[in-house]
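# A closer look at the structure
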Amino acid sequence: MVGTKQPQLKVPTVVDNPDGWGPPDGPAFLENQLQNVPYAPFSKGEKLGRVADWTRNFNARPNPRGQEYSVFDFAFDEADEESFRLVDGKPPPKPKFGPRWRFQQQRQLPQRKDEEVEAKKREQEKERQRRDRFYHQNRNTMQRREAAVFKSSVDIQPEWTMLDQIPFTTFTKLSYGVGEPEDLVLCGALEYYDKTYDRVTPKSERRLERFKNRNFFKVTTTDDPVIRRLASEDKATVFATDTILATLMCAPRSVYSWDIVVQRVGNKLFFDKRDGSQLDLLSVNETSQEPLPEAKEDINSAHSLSVEAAYINQNFSQQVLVRDGNKVEFQEPNPFASEGEEVASVAYRYRRWKLDEDTLLVARCEVHSVMDARGQTQFLTLNALNEFDPKFAGVDWRQKLETQRGAVLATELKNNANKLAKWTAQALLASADVMKLGYVSRIHPRDHYNHVILSVQGYKPREFAMQINLNTSNMWGIVKSIVDLCLKLNEGKYVFVKDPSKPQVRIYEVPNDAFENDYVEEPLPEEEQVPPPAEEETATKVDEEKDVDADV
């Protein structure tokens, strides 16, 4: 600028070294060239500052020593050291996840003493509540279920006489073998099974249709015209249906109360069910540990679910058919259908078993469909399991059916052991080749009118019986012991009633007009009911039955 003296740059003398690299040797060079270069001796363990700082503002602060600042300053600066950060490209070490590591980490958390005490108290309270829930669930669940749904299936009347009571423990010890049955009469017509339903998955679910125009028949033994004809022809001594026989065969697995009417006419026995009996419905979650709602009008009560399950089974058994008019017809038409009436696909096989030299048993057995497999015609039974609320079962079918089908079936075997055993027993009685189990669920847990089919699985009855631990010898042992007991009774009418709160069945002698249309039932007060026999008498009768079974 004008009037200002400009600083001059002094270029130092550069000494050339013709003999090699670097500065020349000699004291002249050291005195003339390196006398103004600062030098600070240091060791390898000392920290270094900046080698040269050209950004330093020399006028910002005075030098306390009165010396001039230089760009070549090797003094160590603490402030510069704190601003220094090492950039490391290595990933941080991974923590060792696990219960022990989490425990150690939690212990290392800085907490005040009062917070630690409060946290320990909360953990102890949670642990105590968990133990209480587990204790009450195992000790009082059955008591709560009895109070909710365990009521007698029939009201005990004052004029009824209790003859005996049989604990289920005696049933589990029985065993008896029977030969192959023979078919006496085949009635009805069967439609073919639609194999496309074997490929249904929760992602390709099918809406459950309603078949209001097809009639389903639940006719008891003595109202069956074919059984009456066979009885008049003296074809057997004992007559029943597959539903009644399956109820007796699987009695040790039952929890809910049920009743069967036995009529002794001459030398013949007829096992019947009452009109509107519980045998016409299907139990739901009968053997589950979780109690169902008590209110009968609740859609998830035991009665409501039984009606819903029966409705689902009827519609499912007709929807999985081809329904193209092609049928397999048998020698006689449906014995319960009127002319021109549209009936469901069902065939009745009236089969006879030889219990002993003097006792023959005839039962009406049902099959629901047929299919061709490797050039052979196979008989099928069709049944459906229904999901009403995943919270009760603990398993969501829509999430588990594809990946964990075994877990879903295991849960159903735990919650519906009696129902699945009865279906298997009926398939064995009818000599069905395959039993199809459908998985049907509500569209919404609170909508009990609309359902979808999530999957269909097929099983061979004998293999499935082994899987659920259903012993056919024990099944026939139970039937044989009950038949022998009833044949010793006088002519008349009797009722087998499963005790609503104990694993036992009671036998009552009832009037001949019991359960007729003009028969009025009045419940008998609890204190006026006939007390059961003494324990000594019951034990004596059980021992006598065991001796008879051993002789057989």
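Here the structure is a predicted model, which means the values were calculated and not measured.

### Considerations on the nonpolar core
- Counting residues in hydrophobic clusters, the biggest one holds 78 residues, and the most contacted among them are Phe-171, Met-249, Phe-271, Leu-361, Tyr-439, Ile-482 and Cys-486.
- If one sorts the elements of this core by residue count, helix 14 (residues 472-487) sits on top with eight residues.
- Discounting residues that sit within four places of it in the chain, Tyr-439 has contacts with Leu-385, Trp-397, Leu-401, Arg-405, Val-408, Leu-409, Val-452, Ile-453, Leu-454, Ser-455, Gln-457 and Tyr-459.
- Among the nonpolar cores identified, the runner-up in size contains 17 residues, and Val-185, Cys-187, Ile-227 and Ala-231 belong to it.

### Notes on unusual backbone geometry
- Within the chain, Arg-374 stands out as a residue other than glycine whose phi angle is a positive 55°.
- With respect to the helices, strands and loops of the structure, Arg-374 is situated in the loop between strand 10 (369-373) and strand 11 (376-387).
- Of the residues examined, Arg-374 reaches a relative accessible area of 88% and is grouped as exposed.
- Of note in the backbone geometry, Asn-469 takes a positive phi value of approximately 65° without being a glycine.
- Within the element layout of this structure, Asn-469 appears in the loop between helix 13 (461-467) and helix 14.
- Under the relative-accessibility criterion, Asn-469 is labelled exposed at 64%.

### With respect to the sheet that holds strand 10
- If you walk across this open sheet you meet the five strands as 3-13-12-11-10, and the pairing is mixed. At either end of the open sheet lies a strand with only one pairing partner, and these are strand 3 (206-207) and strand 10.
- The pairing of strand 3 with strand 13 (residues 447-459) spans two bridges and is antiparallel. Considered in strand 13, the bridge of Arg-207 is made with Val-452.
- Each of strand 3, strand 11, strand 12 (434-444) and strand 13 touches helix 8 (residues 302-319); the most contacted strand, strand 11, lies at about 145° to it.

### Regarding the pairing of strand 15 (residues 504-510)
- With six of seven residues buried, strand 15 lies mostly within the body of the structure.
- Counting the residues in the hairpin turn of strand 14 (residues 492-498) and strand 15 gives five residues.

### Concerning the confidence of the model for the protein chain
- A residue-level look at the protein chain finds 72% of positions with pLDDT of 70 or above and a mean pLDDT of 80.
- pLDDT under 50 marks residues 518-546. Its contacts with residues more than four places away, or in other chains, come to 38 contacts.
- This stretch, residues 548-552, has a pLDDT under 50; its non-local contacts, to residues over four places away or in other chains, come to five contacts.

### A look at the side chain of Asp-484
- Considering the arrangement of structural elements, one finds Asp-484 in helix 14.
- Asp-484 gets classed as buried once you look at its relative accessible area, which sits at 14%.
- Among the polar contacts made by the side chain of Asp-484, one reaches the side chain of Lys-480 at a distance of 2.6 Å.

### Quick word on the packing of aromatic side chains
- Under the criterion given, the structure shown has eleven aromatic pairs.
- Aromatic pair Trp-160 and Tyr-508: ring centres 5.9 Å apart, planes at 55°, arrangement tilted. Of this pair, Trp-160 sits in the loop between helix 4 (113-149) and strand 1 (161-167) while Tyr-508 is found in strand 15, placing the two residues 348 residues apart along the sequence.
- Among the residues examined, Trp-160 registers a relative accessible area of 2% and is labelled buried.
- Ring geometry for Phe-336 and Tyr-348: centres 5.3 Å apart, planes at 80°, overall edge-to-face. On the criterion of sequence distance, the pair formed by Phe-336 in the loop between strand 7 (327-329) and strand 8 (346-354) and Tyr-348 in strand 8 is long-range, its members being twelve residues apart. As far as burial versus exposure is concerned, Phe-336 and Tyr-348 are alike and both buried.
- A network of ring pairs unites the aromatic residues Trp-160, Tyr-508 and Phe-515 as a single cluster.
- Sitting above the plane of the Tyr-197 ring, Arg-206 keeps its charged end 4.6 Å from the centroid.
- Directly above the ring of Tyr-176 sits Lys-480, whose terminal nitrogen or CZ lies 5.4 Å from the centroid.

The rules we used
Residues numbered from 1 in each chain as written. Predicted model: local features only at pLDDT ≥ 70, side-chain atom pairs only at ≥ 80, totals over all residues. Heavy atoms only, no water. Core = buried A, V, L, I, M, F, W, Y, C linked by side-chain atoms within 4.5 Å. Buried < 20%, exposed > 50% of the residue type's maximum accessible area, 1.4 Å probe, protein only. Helix = DSSP H or I, 4+ residues; strand = E, 2+ residues; numbered from the N terminus. Contact = heavy atoms within 4.5 Å. Pairing = 2+ DSSP bridges. Axes fitted to C-alpha atoms, helices over the stretch in contact; angles between N-to-C directions. pLDDT = per-residue confidence, 0-100. Polar contact = N/O pair within 3.5 Å; in protein donor to acceptor, adjacent residues only side chain to side chain. Phe/Tyr/Trp six-rings, centres within 6.5 Å; stacked < 30°, edge-to-face > 60°. Lys NZ or Arg CZ within 6 Å of the ring centre and 35° of its normal.

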